[in-house]
Structures are given as C-alpha cells and as structure tokens.
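# Chains, contacts and geometry: an overview
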Amino acid sequence: MKTAFLLILLGLTFGLQSCEKNENNKPNIIIILADDLGYEDLGFQGSKRITTPHLDRLAMGGVRFTDGHVSASVCSPSRAGLMTGRYQQRFGHEANVPPRPHGMDTQERTIAQALKEQGYTTACFGKWHLGDEDHHYPTVRGFDHFYGLREGSRSYWYDETKSDKPNDPHGIEHNGIQVKFEGHLTDRLGDQTVKFLNENKDQPFFAYLSFTAPHGPLESKPEDMEALGTDDNYLGLIYGMDRNIGKVVNALEKNDLMENTIIWFLSDNGGIGPTYSNYPLGGLKGFKFEGGHRVPFILYWKGHVTAGQDYDQMITSLDIYPTSLAAAGGSLEQTRPLDGVDLLPFINNEKKGIPHQQLYWRKLDCAAIRDGNWKLIRVDDYGYALYNLEEDISEANDLSNKMPEKVDELKNKFEKWEQDKMEPIWGEGEIYKYMRYNYHTERFKNPDYSDQEMKAYMNEMKKKLKNKSRENE
Ligand code: CA
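Cut-offs used in this document
- Residues numbered from 1 in each chain as written.
- Predicted model: local features only at pLDDT ≥ 70, side-chain atom pairs only at ≥ 80, totals over all residues.
- Heavy atoms only, no water.
- Helix = DSSP H or I, 4+ residues; strand = E, 2+ residues; numbered from the N terminus.
- Buried < 20%, exposed > 50% of the residue type's maximum accessible area, 1.4 Å probe, protein only.
- Contact = heavy atoms within 4.5 Å.
- Areas by Shrake-Rupley, 256 points an atom, 1.4 Å probe, with all protein chains shown as cover.
- Pairing = 2+ DSSP bridges.
- Donors = N, O, S within 2.8 Å, 3.2 Å for Na, K, Ca; no water.
- Tetrahedral: all angles 85-135°; square planar, octahedral: opposite > 155°, others 65-115°.
- Axes fitted to C-alpha atoms, helices over the stretch in contact; angles between N-to-C directions.
- Core = buried A, V, L, I, M, F, W, Y, C linked by side-chain atoms within 4.5 Å.
- Arc of directions from axis to C-beta.
- pLDDT = per-residue confidence, 0-100.
- Polar contact = N/O pair within 3.5 Å; in protein donor to acceptor, adjacent residues only side chain to side chain.
- Disulfide = S-S within 2.5 Å.

## Here we look at the overall build of the protein chain
- Of regular secondary structure, the protein chain possesses 13 helices and 16 strands.
- Oriented by its inertia axes, the alpha-carbon framework of the protein chain measures out at about 95 × 55 × 45 Å.
- Counting over 473 residues, the protein chain shows a buried share of 56%.
- In the protein chain, once contacts between residues fewer than 6 apart in sequence are set aside, the share between residues at least 24 apart is 69%.
- Total accessible area on the protein chain stands at roughly 20,500 Å², and carbon and sulfur atoms take up 50% of it.

Structure, rendered in structure tokens:
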C-alpha cells in the first residue's frame, strides 16, 4: 500500500515535472549571420585555405543546405527579408543602405516580435543595417536587448576619431547608449552573446548574432592570422568568427542547452574583396549570379533533423522565420503573408513536394528568377541571360539565344511575381547602376573573366565614370 502510494506520488511528481518541462520546452533559437562570406570559405564548404572547426561541427550535427539562398545579394535588403520572412520588395526595401529617414517598414512584423509573442526573450548582437533612425532601432523592432551598430560596417577596433565619434551610427551601442569597447569587435559580439545565454538559460530565448565579419575593413586580430598560419586578414576574420561561435556553443553545452537549441548559420550575401572564393559559383556580392545570393547555410537542431545530411532542394533565408516560429509553437497565419515556409516537414520527409519551385531576386535595374535548375537574369536596357544550373553551376554558358521559349516562360513567371511588389522606396548611386550593367553584361559574354581581370575592368569603369562626371561639371 505504502509502496503503491509512493509510486503514485513519484508518478505524479514526475508527470508534473515533465509537463512543466514541456511547457517551458520551447526551443531556444539562434541565428548566426556572417557578412559577405565567400561560398567556399569554410571548412565544411570545402575550403583548403581555412579551418572552421566549430562551424564544421554544427554542420556535421545538422543539415547543410546546398542550394540555400538569401533574398538579396547585398546587406540591407537581405536582412530585411531575413527579419520579416517576406520578399523585401513587398515593402520597397530593395536597394542597399537605407538613407535617412528610410529603414525597414515599421508595419512589418519581425521574427523577433513574433517570437517575443511566444514568450521568448530576444536579443540582437552586431550589425543592424535596417535604418539609423530611433524608430527603426532593434529594441523597438522586437528585440529586448541590443549591443551593436545601427549601420552596415565599421572598424573592428574602437576609434574615437572615426566610427566611435559621439552620435555616429557606426558606433557600438548598448540599448541606445553609445559604449566603448576593448579589443576586437568580433570577440565582444561573441562575449555579449555568451553573457545573454548565461543570463537567460532558464527561459526560451532568441539571439540574433549578426557578425560584421568578414566584411571590410579587413582588420583581423593578429592572433587569429597567426593561429591559422596566414597573413590574409579576410581568412583571419573568418577564423575569429568561428572561434567566437565556438564560445557560444561552449556556453550552450555548459548550460545543458545543446539538446534544445536551434542554430541557423548563413551569410547575408556572397563574397567580395581581394581574396574571397565563391567557388564553384560564378559572380560575387551585389550581382545576380549564384555567387551573389547562394550562401553557406546550415540548420542545427539535435534530435529533430538527421545529423550530417545535405539537403539539396532550393531553400531561402525567408524560411528561417516560419520554420523558427513553427518550432516555437506559433501560428504562421499572419496579416501580411509570409513568403517563406516551414522547412522541417520537408527536410524530414513528412511533407511531399519541395519548399520552393521558384525563387526571385530584384534590385532596381537587375533581376533574376530560379525555376528549379533554370536561371534567368534580366538587366534593364540589355535583355536576358539564361542558364541551366544542372550542368552549368558557374553560369558560364548563356543559353538565351538557343532557347528563346524558355526565356519567355521564365520572363513571364518573373513578371507575374512582380505584379504585387512595390517600386523601391530609395535607390543607389549612378556609379553602382553603371557597374551593375557592365558587370552583368560583360560576364554574360566573357564568363572566363577572372576576378582580378574583372576588378581591373571595374576600376577602369569607375575612372571613366569619374572623368565623365567631371566633363559634365
Ligand atoms: Ca553583406
């Protein structure tokens, strides 16, 4: 009798505990975003130049997306898509660097707002780049905490004569107050994230860790280059980022949270600069070839996805919001419909079909559509280039002249997508328009152009443009 009573008591206690645990068992969610990272430039992406043990471990323990994209090939619109789960052309956030007073539409609901409604404590660390005004600030856009910069890039070191001048939007701020920091910025972003995890380990949290690395200025911590045995600052910045991701993973392990934390990792756009590699993709940051918007992309969630698998269907950063919200128990029915989908049922073969048959990109005068393995690029005042990625991943062989019917088919699909999108609210300078036109159209004709040749060509164009504007003065 006594034993039975004890067993019942134990059962009740255990039942209660597990019930309590379930209620509080919403997974923690971390999005780690790299900035301007080359497609090949990580260990698990096949780089021979760099080791990234911590990211490799997450990739081995999770899913690696081999056809994963961001919704823009430059920083700000890509982040607007990530934060809202919607094509940023729906709210005119198409061009880069929103000039004051512009920023991400405050009517849009961010992933942080959505998770906060599910009881999450939310924090953003690092680069914001979605508007400099106070009403665009992370802490009024769903984040409880912010440590980082409003703007898109800055020195990795504290400098009162440049980024850290009083009231400079490139300065580092902690919940609205500009702060000094010691040492290398990448380390501070890692530390702040670890502090947040330690302080919030007993409740569901959402951390958006938005590194400025390896975006320029290329200022690696010397110790990171030394550890890697290189004098390449770009590689050093990536190594430092990986080292800090290691600190975050270590903090999760110490707090026994690795079992119940979703970790996303991706880059906001493709690589650029003197030593990046987007191999085997063509193109680079800012352009509509795959090297601009197909990025290293992983999802780690222990016990919920088969570890170490490659998922080869096309997915997008717009999927992060709905997948995370569904995991948090939230409804995906929104007043402004999401363009992303919950990926989990697809990855785990619980749902037939694929997440996306088409994806779309548009920035001002250049646009692209993927329809399965077909890719069409449109350049205003020029026309189209068509590629079959199944046999031509680097977009070297323009088939538009050979397959005009395919061009028409994709062109029509793209125009249909455009019908309910807005005109961009702000643009970019003439020089960028000139570069976009020339880079795309030159590469359509000369896909073997090496990056160095292309760079020399671009510099030449810049000079010409400067001379042209002088003549006009
Ligand atoms: Ca970027």
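Next comes the rest of the description.
## A closer look at the pairing of strand 13 (residues 358–363)
- The element strand 13 is extensively covered by neighbouring structure, given that five of its six residues are classed as buried.
- Here strand 13 pairs with strand 14 (residues 366–371) via six bridges, running antiparallel. The partner of Arg362 across the bridge, within strand 14, is Ala367.
- Turn length for the strand 13-strand 14 hairpin, with the two strands adjacent in sequence and antiparallel, is two residues, and the turn residue Leu364 shows positive phi of about 55 degrees.

## Concerning the coordination of the calcium ion
- Here the calcium ion is held by Asp35 (OD), Asp36 (OD), Cys75 (SG), Asp268 (OD), Asp268 (OD) and Asn269 (OD1), and the distances to it run 2.2 to 2.6 Å.
- In this structure, the calcium ion is surrounded by six donor atoms whose angles at the metal cover 53 to 158 degrees, and the resulting shape is irregular.
- Within one chain, the residues donating to the calcium ion are spaced in sequence as D-D-x38-C-x192-D-N. In this pair, Asp35 is assigned in the loop between strand 1 (28–34) and helix 2 (53–60) and Asn269 in the loop between strand 9 (261–267) and helix 8 (290–293), connecting sequence segments 234 residues apart. Each member of the pair, Asp35 as well as Asn269, carries the same accessibility label: buried.

## Re the sheet that holds strand 16 (residues 383–388)
- One open sheet holds the four strands; their spatial order is 13-14-15-16, and the pairing between them is antiparallel. At either margin of the open sheet sits one strand with a lone partner, and together these are strand 13 and strand 16. Averaged over all adjacent pairs, the angle separating strand axes in this sheet is 10 degrees, with direction ignored.
- Contacts from helix 11 (residues 404–418) reach strand 13, strand 14, strand 15 (374–379) and strand 16, with the element oriented near 70 degrees to strand 15.
- Packing of helix 12 (residues 430–445) onto the sheet brings it into contact with strand 13, strand 14, strand 15 and strand 16, and relative to strand 15 it is tilted by some 135 degrees.

## Structural notes on the nonpolar core
- Counting 74 residues, the largest nonpolar core has Leu55, Leu58, Met241, Ile245 and Phe265 as its most contacted members.
- In terms of residues, this core owes the most to one element, helix 7 (residues 233–254), which gives 11 residues.

## What to know about helix 2
- Turning to helix 2, its buried residues are Leu55, Leu58 and Ala59. Looking straight down helix 2, one finds its buried side chains confined to an arc of 100 degrees; they lie on one side.
- The inward-facing, buried residues of helix 2 contact strand 2 (63–65), helix 7, strand 9 and strand 10 (297–300).

## Things to note about the confidence of the model for the protein chain
- The share of residues in the protein chain with pLDDT of 70 or more is 92%, and the mean pLDDT across the chain is 93.
- Counting interchain partners and residues more than four positions distant, the pLDDT-below-50 stretch residues 1–23 has zero contacts.

## Comments concerning the side chain of His440
- By the secondary structure assignment, His440 is in helix 12.
- Among the polar contacts made by the side chain of His440, one reaches the main-chain amide nitrogen of Lys288 at a distance of 2.9 Å.
- If we ignore the near neighbours within four places in the chain, the residues touching His440 are Phe287, Lys288, Phe289, Cys366, Ile377 and Val379.

## So, the state of the cysteines
- Considering all chains together, one arrives at zero disulfides under this definition.
- Here Cys124 stays unpaired: no disulfide links it, and the sulfur of Cys75, its closest cysteine neighbor, is 14 Å away.

## Let's talk about the sheet that holds strand 1
- With mixed pairing, 10 strands are arranged side by side in an open sheet as 7-6-5-4-8-1-9-10-2-11. Bordering the open sheet on either side are strand 7 (177–178) and strand 11 (309–311), each of which pairs with just one other strand.
- Where strand 9 lies against strand 10, four bridges are found, and the strand directions are antiparallel. When the sheet's bridge partners are listed, Leu266 is paired in strand 10 with Phe297.
- Sheet contacts for helix 2: strand 2, strand 9 and strand 10; angle to strand 10, the most-contacted strand, approximately 65 degrees.

## A short note on unusual backbone geometry
- Arg100 connects to Pro101 through a cis peptide bond whose omega is 5 degrees.
- At Asn167, a residue that is not glycine, the phi angle is positive and equals roughly 65 degrees.
- Along the chain, Asn167 falls in the loop between strand 5 (145–149) and strand 6 (173–174).
- A residue is classified by how much of its surface remains accessible, and Asn167, at 73% relative accessible area, is exposed.

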